[in-house]
Amino acid sequence: MKASYQKYILNFKKPSGTSRGIMTIKETFFLFLEENGKKGIGECGILRGLSIDDRPDYEEKLNWVCQNIEAGEEWLLENLIEFPSIQFGVETAFRSFQSNNIFEIFPSEFTNAKKNIPINGLVWMGDKQFMKEQIEEKIQSDFSCIKLKIGAIEFEKELELLQFIRENYPPEKIEIRVDANGAFSANEALKKLQRLSTFRIHSIEQPIKQNQVHLMANLCKETPIPIALDEELIGIFELSEKRKLLQKIKPHYIILKPSLVGGFQGSLQWISLAEEMGIGWWITSALESNIGLNAIAQFTFVQQNPMPQGLGTGSLYTNNFESPLTVKNGFLQYDTAKNWEFDLL
């Protein structure tokens, strides 16, 4: 078996904002496997500034994977523990290679277009008018769950946006999730959560920055809104450490991005612990191209979680790859009438 990788720059159609800044491009890497004319592909979706494996030796490690591909998937995954996005790429590439269809990673009623995945409509940060336009567009597109990125504009203006939704749509019609990306300071977080709670919010992701375990545990105890851990899970490699973190913080939910938490294996570990402790969970993509999103969506479907999942469609980019992944009426669908257009193989 031979392996190679290729860097690819995804270009945003519009600059997209989070509390960590504005993104105009997204760097990613594709891992290719080939043997006797059979091929496999996986995406190593690194998020600069957030991924634990955002390190100077990242491409060196990709090269190491290519040189050691004959050692097999299991051995590689064991030796890539500090590179979760490469683990995800390796798992996907091997599944892709072993499949009869290079893009069918987890065959299911999703990939044969019999069932769909409910997803949230993501509203990116921007000025109030831009965010309001996105909210209206998501509601018109029949999303029943909307997720707002907050923490970049004035808090009062964000509250006005939430008020706009609630004045027109009760919680039974529109579920609201918010994602602070750690934007609240420790001494203001509880007050802000109390103000947000008047809008009957489903949950808030990562209200304060990660690695403040004691503060987050207290917040989870006192909050009027269920708290979901996101960035908090990044860089926790050992099963015992994962268990300890959840036992200490006792969050209401955890959010799993396979590229950030060790691929499918890492995600399944977190899911198993969460279910054991009565903690809810859902799965989210992390700005991958349609190659990575396809793998995450197929993996998500087979977990059979009925909650809306955080699966973007790749429509953010000007140079993504055409795929059967389609959003309709708040669901991610696999449209078998559409073909893949991927010219890097």
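Values in this document were obtained by computation on a predicted structure and should not be read as measured data.

Regarding the overall build of the protein
Piece 1. The number of helices and strands found in the protein is 11 helices and 13 strands.
Piece 2. Dimensions of the protein along its principal axes, counting C-alpha atoms only, are 60 × 45 × 35 Å.
Piece 3. In the protein, which comprises 345 residues, the proportion classed as buried is 55%.
Piece 4. Residue pairs in contact within the protein that sit at least 24 positions apart in sequence constitute 68% of those at least 6 positions apart.
Piece 5. By element, 46% of the accessible surface of the protein is carried by carbon and sulfur atoms, the whole surface being about 15100 Å².
Piece 6. One finds the centroid of the 37 positive side-chain charges in the protein at a distance of 4 Å from the centroid of its 45 negative side-chain charges.

Considerations on the side chain of Ser96
Piece 1. Here Ser96 shows up in helix H3 (residues 84-98).
Piece 2. With a relative accessible area of 0%, Ser96 lands in the buried category.
Piece 3. Not counting residues up to four positions away in its chain, the partners in contact with Ser96 are Lys39, Gly40, Ile41, Asn101, Ile102 and Ile105.

Details of the side chain of Lys26
Piece 1. Assignment of secondary structure puts Lys26 in strand S2 (residues 21-35).
Piece 2. One buried charge, Lys26, has no salt-bridge partner; the nearest side chain with opposite charge is Glu43, at 5.0 Å.
Piece 3. Filtering out sequence-adjacent residues up to four positions away, Lys26 remains in contact with Tyr8, Ile9, Leu10, Phe12, Gly45, Ile46, Leu47, Ala286, Leu287 and Tyr317.

Re the pattern of salt bridges
Piece 1. Evaluated as defined, the whole model comprises 18 salt bridges.
Piece 2. Two residues, Arg48 and Glu27, come together in a salt bridge whose shortest N-O distance is 2.7 Å. In this pair, Arg48 is assigned in the loop between strand S3 (38-44) and helix H1 (58-67) and Glu27 in strand S2, connecting sequence segments 21 residues apart.
Piece 3. For Arg48, a relative accessible area of 41% puts it in the partly exposed group.
Piece 4. Judged by its relative accessible area of 14%, Glu27 falls in the buried class.
Piece 5. Where Lys149 meets Asp179, a salt bridge forms, and the shortest distance between an N and an O atom there is 3.3 Å. Residue Lys149 is located in strand S6 (residues 145-149), and its partner Asp179 is located in strand S7 (residues 175-179); the two are separated by 30 residues in the primary sequence.
Piece 6. What emerges from the salt-bridge pattern is a single network uniting Lys7, Glu27, Arg48 and Asp54.

Focus on the UniProt feature "domain: Mandelate racemase/muconate lactonizing enzyme C-terminal" (unreviewed entry) in the protein
Piece 1. The UniProt record marks residues 128-226 with the feature "domain: Mandelate racemase/muconate lactonizing enzyme C-terminal" (unreviewed entry), using the residue numbering of this structure.
Piece 2. Note that residues 128-226 is 46% helix and 13% strand, and that its end C-alpha atoms are spaced 25 Å apart.

Topic: the pairing of strand S12 (residues 325-328)
Piece 1. The pairing of S12 with strand S13 (residues 331-334) spans four bridges and is classified as antiparallel. Within the sheet, the bridge partner assigned to Lys328 lies in S13 and is Phe331.

Some remarks on the sheet that holds strand S10 (residues 253-256)
Piece 1. If you trace the seven strands from one edge of the open sheet to the other, you get S5-S6-S7-S8-S9-S10-S11, paired in parallel fashion. Of all the strands in the sheet, the pair left with one neighbour each is strand S5 (121-123) and strand S11 (280-283). Neighbouring strand axes in the sheet, compared pairwise and without regard to direction, differ in orientation by 25 degrees on average.
Piece 2. Sheet analysis places S5 next to S6, joined by three bridges and oriented parallel. Opposite Gly121, over in S6, you have Ile146 as the bridge partner.
Piece 3. Strand contacts of helix H4 (residues 128-140): S5 and S6, with the helix running at about 170 degrees to S5, the strand carrying the most contacts.

Some words on helix H5 (residues 155-168)
Piece 1. An ideal rise of 1.5 Å per residue puts 20 Å on 14 residues; H5 measures up with 20 Å between its terminal C-alpha atoms.
Piece 2. Looking only at H5, the buried set comprises Phe155, Glu158, Leu159, Leu161, Leu162, Phe164, Ile165 and Arg166.
Piece 3. On the buried face of H5, the contacting elements are H4, S6, S7 and helix H6 (189-197).

Calculation rules
- Residues numbered from 1 in each chain as written.
- Predicted model: local features only at pLDDT ≥ 70, side-chain atom pairs only at ≥ 80, totals over all residues.
- Heavy atoms only, no water.
- Helix = DSSP H or I, 4+ residues; strand = E, 2+ residues; numbered from the N terminus.
- Buried < 20%, exposed > 50% of the residue type's maximum accessible area, 1.4 Å probe, protein only.
- Contact = heavy atoms within 4.5 Å.
- Areas by Shrake-Rupley, 256 points an atom, 1.4 Å probe, with all protein chains shown as cover.
- Lys, Arg positive; Asp, Glu negative; His and termini not counted.
- Charge placed at Lys NZ, Arg CZ, Asp CG, Glu CD.
- Salt bridge = Lys/Arg side-chain N within 4 Å of Asp/Glu carboxyl O.
- UniProt positions renumbered as here; feature names shortened; annotations may be inferred.
- Pairing = 2+ DSSP bridges.
- Axes fitted to C-alpha atoms, helices over the stretch in contact; angles between N-to-C directions.
- Expected span 1.5 Å × (residues − 1).

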